[in-house]
Amino acid sequence: ARKVGSRKEKTLALIKPDAVPKMGSIIEAIIVSGFTITKAKMVLLSRAEAMDFYSEHQSKSFFHDLITFMTSGPIVAMEVIGDDAVSSWRKLLGPTNCSVARSESPESIRARFGTDGTKNAAHGSDSITSAARELEFFFPSSGGRGPKNTAKFSQS
Ligand code: RTP
Ligand code: MG
């Protein structure tokens, strides 16, 4: 049953390159927590696509490292639906820095599966407005094709 005062929302969840080998455990944590995954795809972003996705951070000192990290391998993009999904998914994610997450929120995704302040396992939209933009980026409703995914995944 839905909690009083909560609302069904959609948000964008990303499994970042560092955590793709642990995607099974992360997807299980998402489902066990009561969310529904309604769309999913694996994508290798180009630098231009990653810079577009993270354009709000272009003036930050960590921007270059963030783009290099987010284009270092494939990611998993998911549309996630649940009660207050924008804030509840970010709560399950835990603090941005994984060391902080391990001390403040040891059950969180970033505490369990992340490495540090940049390689932090997963992403969640920070507002309803950014969720709409970010879902449109990965899962365009009409016209656009979304990330081109032209780079080849490595095949060892
Ligand atoms: P996200 O957008 O990925 O869900 O994470 P967030 O809201 O918790 O953090 P945000 O401030 O939006 O930063 C975006 C991502 O940039 C990397 N970052 N590195 N080295 C650093 O100081 C630093 N700060 C941020 C992280 O990958 C962060 O998730
Ligand atoms: Mg953010």
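Residues numbered from 1 in each chain as written. Chains lettered and ligands numbered in written order. Predicted model: local features only at pLDDT ≥ 70, side-chain atom pairs only at ≥ 80, totals over all residues.

- Looking at an unreviewed UniProt entry, one finds the protein chain named Nucleoside diphosphate kinase homolog 7, with Eleutherodactylus coqui as its source organism.

Some points on the overall build of the protein chain
Then, in step 1: A tally of helices and strands in the protein chain yields 7 helices and 4 strands.
Then, in step 2: Starting at the N terminus and walking to the C terminus, you meet the elements of the protein chain as β-α-β-α-α-β-α-α-α-β-α.
Then, in step 3: In terms of overall size, the protein chain behaves like a compact globule, its C-alpha atoms giving a radius of gyration of 15 Å where 156 residues would be expected to give roughly 15 Å.
Then, in step 4: By principal-axis analysis of the C-alpha atoms, the protein chain measures approximately 45 × 40 × 35 Å.
Then, in step 5: The burial tally for the protein chain puts 31% of its 156 residues in the buried class.
Then, in step 6: Counted over contacts in the protein chain with a minimum sequence separation of 6, partners at least 24 positions apart contribute 68%. (Helix = DSSP H or I, 4+ residues; strand = E, 2+ residues; numbered from the N terminus. Rg over C-alpha atoms; globule rule 2.2 N^0.38 Å. Buried ≥ 20, exposed ≤ 12 C-beta atoms within 10 Å, placed from the backbone. Contact = placed C-beta atoms within 7 Å.)

Focus: the UniProt feature "binding site: ATP" (unreviewed entry) in the protein chain
Then, in step 1: Under the present numbering, the feature "binding site: ATP" (unreviewed entry) in UniProt falls on K16, F62, R90, T96, R110 and N120.
Then, in step 2: Along the chain, F62 turns up in the loop between α2 (47–53) and α3 (63–70).
Then, in step 3: According to the C-beta neighbour criterion, F62 is exposed, with 12 such atoms within 10 Å.
Then, in step 4: Relative to the elements of secondary structure, R90 occurs in helix α4 (residues 85–93).
Then, in step 5: Look at R90 and you get buried, because 21 C-beta atoms sit within 10 Å.
Then, in step 6: Among residues more than four places away in sequence, those in contact with R90 are G124 and D126. (UniProt positions renumbered as here; feature names shortened; annotations may be inferred.)

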